[in-house]
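If you want the building blocks of each chain, they are given just below.
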Amino acid sequence: MLANYGTIGLFLIVAVLFALLMVTIPILLRFAKIVPSRPNPTKSSIFECGVETIGKTWVQFNFHYYFYALIFLALDVLVVFLYPWAVQLRALGASSLITIAVLVGIILVGYLYAWKKKVLEWK
Amino acid sequence: MTVAIAANDLGAALEEKLPGSVLKAEGDTLCITPESLLDVMTYLKDTPGQEYDYFNYVTAVDFYDHFELVYRLTSTVHNTTVGVKAQLPGRENLSIASVTPLWLGADFQEREIYDLFGISFEGHYNLRRIFLWEGYDGHPLRKDFNR
Amino acid sequence: MEVSNYREPIYSPDEIDLHEGQIIEDLKSSAVEPIPDPDAWLEQEDVKRNLVLTTADWVINWARRSALWPAICFPACCAFEFIAVNGPRFDLSRFGMEILRASPRQADLMITAGTLTWKMAPNVKRIYDQMPEPKWVIAMGACGISGGIFRSSYNVVPGYNKIIPVDVYVPGCPPRPEALIHAIQMLQKKIAKSHPVPDLKQLTGKEPM
Amino acid sequence: MMHLKTEPFVLNMGPVHPSTHGVYRMRATLDGEVVIDIEPVFGYLHRGVEKLAEERTYAGFVPLTDRLDYLSSMSNNLAYVLSVEKLAGIKVPPRADYIRVIMAELQRLANHAIVVGAFVNDCGAFFTPFLYLFREREKILDMFDMVSGQRLTYNYMRIGGVSQDLPADFLPALDKFVRQFKPFLEEFEFLLKDNEILQARTRGVGILDKAMAINCGISGPVARASGIKRDLRKDDPYCGYEKFDFDIPVGEQGDCYDRYRVRVQEMKQSIRIIEQAMAAIPDGPCRAEVPHLVRPPRGDAYGHIEAPKGELGFYLVSDGGIAPYRNHIRPTSLINLTALRQMVRGWKVADLIVIFGSIDITLGEVDR
């Protein structure tokens with residue numbers, strides 16, 4: 001049982017190393033002056049279809065869309081946990097049903113709250 | 001077949017309705033005085049017999065001593081078409097009534113004439129340059145425009 | 001949430017138009033001399049270089065030229081010849097140029113497909129400036145090279161090299177897809193000749209790059 | 001529901017935007033996702049074609065018309081050439097009429113192929129239908145290449161007829177193309193007609209009612225989708241269109257789905273016209289005897305055709321010289337954009353892209 005965790009740990013290290021490598025390669029290449037870097041003010045300004053932005057952009061805009069994203073995230077995480085449970089149902093037996101019911105219950109509370117606050121309607 | 005109406009009988013009908021507005025009626029075009037443009041257009045659009053509800057185009061022609069505005073209207077009900085011309089004497093600060101209250105389709109075309117010819121349209125809700133940028137001096141489609 | 005109609009517009013179009021008109025006027029007055037094409041280094045003879053550096057050069061050049069991602073600069077008719085080159089018959093993804101990025105941040109090749117007018121010039125210059133180094137430009141079509149059939153117009157920039165340095169010129173109005181693919185191959189040969197890896201002396205600052 | 005104070009902001013759907021089909025720019029005032037108002041900005045491709053027309057002879061202006069609406073160059077050529085013939089009173093031999101009808105309808109197929117492909121791509125089908133339609137368009141471009149030697153800007157029509165007669169292997173190639181295009185169109189239509197994603201994204205979106213369409217001078221498939229039964233090929237026939245029988249598809253609601261359906265059915269009608277024209281094409285000269293420097297009598301004339309985008313017309317004023325005194329182009333795409341502002345209010349940004357894609361415009365014709 002423990003050996004399996006060893007492989008997962010190895011995999012984690014390789015993943016982190018790979019990610020760090022991808023980040024540091026451009027920085028190293030810039031120090032080695034292979035990657036040309038010529039910063040200029042236009043390059044660091046915002047790209048909005050080739051035109052300067054109009055008016056205040058740091059504005060408190062109406063983020064109704066992001067409620068959907070949050071609720072989708074919650075339900076998606078639930079689905080992620082359901083898959084392994086559903087696959088191993090025969091091995092886990094009936095007791096696993098209770099734990100899954102608790103998990104679904106918790107997520108359901110959040111969903112009902114959003115529903116009652118009428119966040120889901122989009123007039 | 002889109003019938004080009006005989007302008008002279010339409011001209012006669014207009015004459016008794018709006019005296020002094022029609023200068024000449026030839027072929028299928030009516031030459032009218034610029035001041036009476038809005039009344040003639042409203043007449044053409046609203047009277048039951050005409051119903052010119054579709055606005056083909058409006059354009060301007062520079063004849064050095066005067067500018068000529070050419071309108072073309074079509075009636076989708078009777079499938080007839082009529083041309084209307086109005087002449088603006090002189091070359092500086094020309095202006096004529098805008099037909100956008102009658103047909104919204106004339107909106108961009110009048111802005112284009114304002115931009116490229118310099119003829120302004122009273123009553124146009126958003127008369128600004130459409131193709132060139134603000135601060136461009138001169139109106140390119142005039143005959144005396146040098147590059 | 002009903003759309004309550006905000007009648008007072010939150011920006012004044014006239015003020016913005018004047019500001020943008022000023023930008024166009026400045027660019028128009030400053031863009032008189034064509035910018036020289038960036039290929040002065042092509043003529044230098046190949047000086048003897050360390051084996052490690054030349055292989056590093058070769059690898060980096062191979063990587064750069066086989067994944068040229070085009071930026072979006074599609075004003076006019078050449079745009080549809082460029083889409084035809086991306087299309088099923090003249091498949092451009094054979095050269096690694098399949099990804100057509102909407103933003104200049106992930107692009108390193110600007111194919112200027114269309115006539116450039118003075119009102120569009122500041123935007124194209126801004127897109128070019130916002131592309132990360134190293135970047136190349138292909139001026140596509142007669143309008144890109146010299147203003148083409150519209151050269152005598154009051155609102156057309158006679159050639160893209162007035163505002164951005166151009167690497168490869170593609171004649172044609174619009175150029176046939178085979179011509180554009182040939183131009184891309186010419187650009188790839190040009191990239192293959194460059195020397196991105198600096199010598200040790202250049203690294204330590206004794207010699208300029 | 002939400003008592004938070006939120007402010008609208010302005011977003012530039014600017015000249016460099018993947019789905020504005022060219023360098024068209026809209027300043028969209030958005031309240032989060034919902035579009036409050038848009039303000040169109042034109043002129044990024046204004047090449048001053050009407051100014052260039054003043055220094056070109058009647059025959060010299062034909063290449064410039066190719067670059068107006070560069071998606072349907074044949075139709076631009078046809079509209080201009082018809083206006084000059086109307087002004088100068090030139091008769092065209094019957095074979096030229098049939099060739100012109102075949103070319104105009106083939107060009108309508110090619111234009112609608114791109115427009116329908118781009119529209120479905122805007123709705124979310126990422127480029128798959130576009131590439132299939134593009135493969136068919138390449139076959140049409142091959143035939144145009146066979147006839148005029150060019151892929152996009154043909155410069156094929158002349159005052160008084162067409163520049164050169166059809167090559168011998170054109171009609172067999174056309175016949176082969178028509179025979180394999182019909183089943184392709186059936187299959188394409190079958191796959192997309194009742195697709196529920198397309199229905200969800202376009203049914204009832206951006207409705208343009210009939211009265212607003214007429215008042216805004218909208219013409220072409222956008223007007224027919226709103227229920228206006230007006231097609232210049234039937235109402236004001238030119239080039240002998242009265243000899244062919246075809247019907248005009250008309251939509252009911254005038255939403256994006258109807259505009260898409262009207263264009264697909266128009267492609268079917270164009271195939272019917274091409275078949276009839278292919279069968280009945282007479283022999284004879286393909287061009288009337290017209291002097292190279294034609295000098296129409298003093299006066300003016302307005303000729304218009306049913307271009308793939310709508311009513312495309314040329315208003316010519318002649319002072320008896322070899323060059324037109326004034327040459328005005330009726331910009332179908334520019335006028336079709338008049339109603340965009342009313343159609344888009346209240347919809348979300350994603351719908352704004354779909355509605356804009358359903359009004360098919362080309363910037364060459366908008367800005368001229």
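Quick note: structure is the one above.
Okay, so let's go over this structure. In this text, all values refer to a predicted model and were calculated from it rather than measured experimentally. (Residues numbered from 1 in each chain as written. Chains lettered and ligands numbered in written order. Predicted model: local features only at pLDDT ≥ 70, side-chain atom pairs only at ≥ 80, totals over all residues. Heavy atoms only, no water.)

1. Overview of the nonpolar core
Put simply, the test is: Residues belong to a common nonpolar core when they are buried Ala, Val, Leu, Ile, Met, Phe, Trp, Tyr or Cys residues joined through side-chain atoms within 4.5 Å. The buried label applies to any residue whose accessible area, calculated with a 1.4 Å probe on protein chains only, is under 20% of its type's maximum; exposed applies above 50%, and partly exposed to all values in between. The secondary structure listing takes helices from DSSP runs of H or I that are at least 4 residues long and strands from runs of E that are at least 2 residues long, numbered from the N terminus. Contacts are assigned to residue pairs that have any heavy atoms within 4.5 Å of one another.
Within the largest apolar cluster, 224 residues are counted, with the highest numbers of intra-cluster contacts made by B:Leu69, B:Tyr71, B:Ile119, D:Met103, D:Leu106, D:Tyr260 and D:Leu340. A per-element tally of this core places helix α4 (residues 94-122) of chain D first, with 15 residues. Excluding anything up to four places from it in sequence, D:Met103 contacts D:Met74, D:Phe144, D:Val147, D:Tyr156, D:Met157, D:Leu166 and D:Phe170. In this structure, B:Val70, D:Tyr315, D:Val317 and D:Tyr325 belong to the second largest nonpolar core, which totals 7 residues.

2. So, the sheet that holds strand β2 (residues 25-31) of chain D
All names here are of chain D. Put simply, the rule reads: Criterion used throughout: strands pair if DSSP finds at least two bridges between them. Working convention: axes come from line fits to C-alpha atoms, limited for helices to the stretch in contact. Angles between N-to-C directions cover 0 to 180 degrees.
Spatially, the 3 strands line up as an open sheet ordered β1-β2-β3, and their pairing is antiparallel. Strand pairing shows two members of the sheet lacking a second neighbour, β1 (9-13) and β3 (34-41), which therefore form its edges. Strand-to-strand twist in this sheet, taken as the mean axis angle between neighbours without regard to direction, amounts to 25°. Of the strand pairs in this sheet, β2 and β3 are connected by 7 bridges, and their pairing is antiparallel.

3. Some words on the sheet that holds strand β3 (residues 136-140) of chain C
All names here are of chain C. Spatial strand order, β1-β2-β3-β4: 4 strands in an open sheet with parallel pairing. Of all the strands in the sheet, just β1 (70-71) and β4 (168-170) have a single pairing partner and so form its edges. Note: β3 against β4, 3 bridges, orientation parallel. Across the sheet, the residue bridging to methionine 140 is valine 170, located in β4.

4. Quick word on unusual backbone geometry
The step from C:Glu133 to C:Pro134 runs through a cis peptide bond, and the omega angle for that step is -20°. Counting through the fold element by element, C:Pro134 comes out in the loop between α4 (121-129) and β3. Non-glycine residue B:Tyr64 carries a positive phi angle of around 60°. Turning to its location among the elements, B:Tyr64 is positioned in the loop between β4 (54-62) and β5 (66-75). You will see that B:Asn93, though not glycine, has its phi angle at about 25°, which is positive. Relative to the helices and strands, B:Asn93 resides in the loop between β6 (80-89) and β7 (95-97).

5. Focus on the pairing of β4(B)
Residue and element names in this part refer to chain B. Most of β4 sits inside the fold, with 9 of its 9 residues counted as buried. Here 8 bridges tie β4 to β5, and the two strands are oriented antiparallel to one another. Following the sheet pairing, phenylalanine 55 is matched in β5 by leucine 73. Between β4 and the antiparallel strand that follows it, β5, lie 3 residues; tyrosine 64 among them carries a positive phi value of about 60°.

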